[in-house]
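Here's the letter readout for the chains.
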Amino acid sequence: MSVHKKDVKKVTTHVLQAMKHAGEKISMLTAYDYSLAKIVDQAGIDVILVGDSASNVMAGHETTLPITLDQMIYHASSVIRAVDRALVVVDLPFGSYQGNSRNALDSAIKIMKEAGAHAVKLEGGKEIQESVTRILTAGIPVMGHLGLTPQSIYKFGTYSVRAKEEEEAEKLIADAQLLEEIGCFAIVLEKIPAKLAERVAQSVNVPIIGIGAGGGVDGQVLVLHDMLGINNEFNPRFLRKYHNLYEEMKGAIMTYVDDVKSRDFPNDTEQY
Ligand code: KIV
């Protein structure tokens, strides 16, 4: 299968698999709404993640825990309406899949039916094995997420780098192999040492997508608002900012305010 951008009309889980084997890196960004998802898709991204980071970015919560399944469906359905090419993966929110695989299946089916998602993402390894397996039996593709898993922030206590110690690193490798074995099509690794992430990418056949996990993995994901510099309060070492839209947008709005106050806007050609 050719995986060149011009040849791939729609990105599927099989295309991602082929990219890993061809050594072509996978690009992934978040989006939560129609307008930005359209730009991201038209720019040629491979995967769009409707992340539960919408809880922070769109709603201003301190953590990802408060966002609900219905709110995720609202964001995801807006994104789906904008997208022609990218694979759209949607996060199952906190409380919609942990501890009860029937609940997990219901949540995943609701997201697929009501939002039109292409796949779901769940945080965790062995402890959510039953939920992942049950969702997979319904034919719903599942992306795993290991390392820093923000839905467990109250267990970790901080957002610092995970799996620096041998014991946690070994568990992470075992979890990645388990997720592959039960049928996940890809795994996100968040904020772990680059050497460990590379080791995981080499030890499984499914694509490993990193965020703060170095360059030795199969692809990269960032939060769109962070990499565009719309959010200027989050500056971790792993983040590359491609713009400073916070300042640019603020400047444009300040000019508009001045133009309205000074009666410069609207002028003769900007009216009927
Ligand atoms: O919710 C999210 O945006 C994520 C990414 C950070 C991977 O899970």
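The rules behind each value
Residues numbered from 1 in each chain as written. Predicted model: local features only at pLDDT ≥ 70, side-chain atom pairs only at ≥ 80, totals over all residues. Heavy atoms only, no water. Axes fitted to C-alpha atoms, helices over the stretch in contact; angles between N-to-C directions. Helix = DSSP H or I, 4+ residues; strand = E, 2+ residues; numbered from the N terminus. Parallel < 35°, antiparallel > 145°, perpendicular 65-115°, else oblique. Left-handed = near helix turned anticlockwise from the far one by under 90°. Contact = heavy atoms within 4.5 Å. Nonpolar A, V, L, I, M, F, W, Y, C, P; charged D, E, K, R; others polar. Buried < 20%, exposed > 50% of the residue type's maximum accessible area, 1.4 Å probe, protein only.

Put simply, helix α5 (residues 101-115) and helix α6 (residues 129-137) touch, their axes get as near as 8 Å, and they point 45° apart. Our classification of the angle between α5 and α6 gives oblique. Viewed along their axes, α5 and α6 form a crossing whose handedness is right-handed. Contacts between α5 and α6 involve S101, R102, A104, L105 and A108 from the first element and E130, S131, R134 and I135 from the second. When its residues are assigned to classes, the contact of α5 with α6 shows four nonpolar, two polar and three charged.

Backbone geometry follows two general trends: most residues other than glycine have a negative phi, and most peptide bonds adopt the trans configuration. Cis peptide bonds are those with omega within 30 degrees of zero, and the linkage from F265 to P266 qualifies with -5°. You can see P266 is positioned in the segment after α11 (245-261). For K191, which is not a glycine, the phi torsion comes out positive at approximately 50°. Position of K191 relative to the elements: it lies in the loop between β6 (186-190) and α9 (194-203). With phi around 65°, R263 is a residue other than glycine that occupies positive phi space. Mapped onto the fold, R263 is located in the segment after α11. For R263, a relative accessible area of 72% translates into the label exposed.

Worth remembering: the numbers are spatial, not functional.
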